[in-house]
Amino acid sequence: MWGGRFAEGPAAVMREINASIPFDKRLWRQDVAGSKAHVAMLGAVGIVSATDAATISAGLDAVAADYSANGVAEDMALEDIHMQTEARLADRIGPVAGRLHTARSRNDQVATDFRLWVRDAIDQVDTALGGLQDALLARAEEHADSVMPGFTHLQSAQPVTLGHHLMAYFEMITRDRSRFADARARLNLCPLGSAALAGTGFPIDRTMTAKALGFDGPMRNSLDAVSDRDFALDYLMSATQCALHLSRLAEEFILWASQPFGFVSLSDQWSTGSSIMPQKRNPDAAELVRGHSGRIAGCMVALTMTMKGLPLAYSKDMQDDKPPVFEAHDLLGLSIAAMTGMVDSATFRTGRMRAAAEAGFATATDLADWLVREGGIPFREAHHITGRAVRRAEELGVALDAVPLTDLKAIDARIDDRVYGVLSVDASVASRTSFGGTAPANVSAAIGIARAMREEGK
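All figures in this text were calculated on a predicted structure; none of them were measured in a lab. (Residues numbered from 1 in each chain as written. Predicted model: local features only at pLDDT ≥ 70, side-chain atom pairs only at ≥ 80, totals over all residues. Heavy atoms only, no water.)

Quick question: what am I supposed to make of the nonpolar core here?
For soluble globular proteins, nonpolar side chains are generally found buried alongside one another. Ranked by internal contacts, the top residues of the largest apolar core, which has 89 residues, are Tyr235 and Leu332. No other element matches the 14 residues that helix H10 (residues 230-257) contributes to this core. In this structure Tyr235 touches Val118, Ala121, Ile122, Val125, Phe180, Val325, His329 and Leu332, once residues within four positions along its chain are discounted. (Core = buried A, V, L, I, M, F, W, Y, C linked by side-chain atoms within 4.5 Å. Buried < 20%, exposed > 50% of the residue type's maximum accessible area, 1.4 Å probe, protein only. Helix = DSSP H or I, 4+ residues; strand = E, 2+ residues; numbered from the N terminus. Contact = heavy atoms within 4.5 Å.)

Take a look at the structure:
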């Protein structure tokens, strides 16, 4: 490529370290699309003849068909997908292929290709996350009134419904989708035409190429255009946050599937066995999702460190921008698919959940609230009274709603038999009617709103 300047070829190690074709071959669709937009513009403004532009465009279609059928050959001498495509084009149409690279550089070319790829990746993730939301909605609707213990510090805290619990993850995924949408909106400006770093003296039409590639317009500064990788970092940071949410859901499934909890049974499709213990049903898919979150976060850190000290404009370090994005995208796609499958196919053991909610004095706060509401007692005093009631329940080995009234009145004479109307787990969840609360009616309403959002494509 630069034989006019260099008398000798690169050393073998230099050839290997310099080549990016083993990973950037994934950009071939975007590279062909960008090249077709570029040559169409060159023909439209008269930089190349209409005949040459048509020949080059047809040749690019033929190269794309070959890539689609046979894959991209990893020719280290043609170090990246851009040179690979140009060489394949020359093989097909001859020297006229050399006109394609007029008024552009590999710097703006790769920046454009990579933006197109990340934009496509965001669209794929958004579709997949929508599928996970649909699975969460379906199971939440099924269990809008199924009582389970709500935890803080992994200790039984207050009863909630399984539907409410699952809808919490729906909300997390909604935020994840909004982060990806924001990243997509920011990236949707086109670097093509910025050339190496300073723009070009050819009378190009950057707005035309931007529009042809679905961008909102061209990037305003040529130095920024070729050196910016914020869009890749935005993707990785959004992916990391999403992976953390998936990891939290995976951890819930891992805990719930263990014998001490017994809240869920994962289907055979999302479990594995043991090589030595025939009774085992291991939640390996959930554990791998949990593990993938660390790798995705590592990809984000890797690119952050690559970019942290680079001066303007392009540096070869930036060739290492793509492997972490590709790896994170692959892992995130697997994680979303696995969690969607687990949510969709899991068998929730609601009887076990209810028993756990009833066993952990989870309605203690309801007793304190009743004392405030019915007895006019300050909450801090009601808190202490309730603590003594819980201690008495522990001494008797019963749930709060099974403590005899005489024992409760011995703790505080203001307690009467009306209190038993709030001490069951069903009464507790039904009472949580504040906006965003766990009452089954609230959960059903939230599901209805969420379904309407999904039908609107949100």
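Looking at this structure, how should I read the environment of His164?
Assignment of secondary structure puts His164 in helix H7 (residues 162-187). Among the residues examined, His164 registers a relative accessible area of 24% and is labelled partly exposed. Sequence-wise, His164 and Thr365 are 201 residues apart; in three dimensions their C-alpha atoms are separated by 19 Å. If near-sequence neighbours (up to four positions away) are discounted, His164 is found in contact with Gly436, Gly437, Thr438 and Val443.

Looking at this structure, how should I read the pairing of strand E1 (residues 147-152)?
In summary, the side chains of a regular strand alternate between the two faces of the sheet. Sheet analysis places E1 next to strand E2 (residues 155-161), joined by six bridges and oriented antiparallel. Of the residues in E2, the one forming a bridge with Gly150 is Gln158. In this antiparallel pair of consecutive strands, E1 and E2, the connection spans two residues, and His153 shows a positive phi of 60°. (Pairing = 2+ DSSP bridges.)

Got a minute to help me understand the side chain of His292 in this structure?
As for its position among the elements, His292 is in helix H11 (residues 284-307). What makes His292 buried here is its relative accessible area of 14%. When near neighbours in sequence (up to four residues on either side) are disregarded, His292 contacts Leu331 and Ser335.

I would appreciate a short explanation of unusual backbone geometry in the present structure.
Outside of glycine, negative phi angles account for most residues, and trans bonds account for most peptide bonds. The omega torsion of the bond from Leu312 to Ala313 falls at 5°, within 30 degrees of zero and hence cis. Here Ala313 is to be found in the loop between H11 and helix H12 (322-345). The phi dihedral of Ala103 is positive, around 65°, even though this residue is not glycine. With respect to the secondary-structure elements, Ala103 resides in the loop between helix H5 (81-93) and helix H6 (106-142). One non-glycine residue, His153, lies in positive phi territory at about 60°.

Would you mind going over the layout of surface pockets with me for this structure?
Empty pockets left among the atoms are what a rolling probe the size of a water molecule brings to light. Here the largest pocket is characterised by a volume of approximately 800 Å³. Around the largest pocket sit 33 residues that line it, and His164, His165, Met167, Ala168 and Gly436 are the ones nearest its centre. Of all the elements in the fold, those that place two or more residues in the lining of the largest pocket are E1, E2, H7, H10 and helix H18 (440-455). Across the lining of the largest pocket, the residue classes break down as 19 nonpolar, 10 polar and four charged. (1 Å grid on protein atoms, 1.4 Å probe; cavity = no way out; pocket = protein on both sides within 12 Å on 5 of 7 lines; lining within 4 Å. Points joined across faces, edges and corners; volume = space filled by probe spheres on them. Nonpolar A, V, L, I, M, F, W, Y, C, P; charged D, E, K, R; others polar.)

Teacher, can you tell me more about the environment of Arg29 here?
As for its placement among the helices and strands, Arg29 is situated in helix H3 (residues 28-44). Using a relative accessible area of 51% as the deciding quantity, one classes Arg29 as exposed. Each C-alpha atom, one on Arg29 and one on Ser431, is 56 Å from the other, the two residues being 402 residues apart in sequence.

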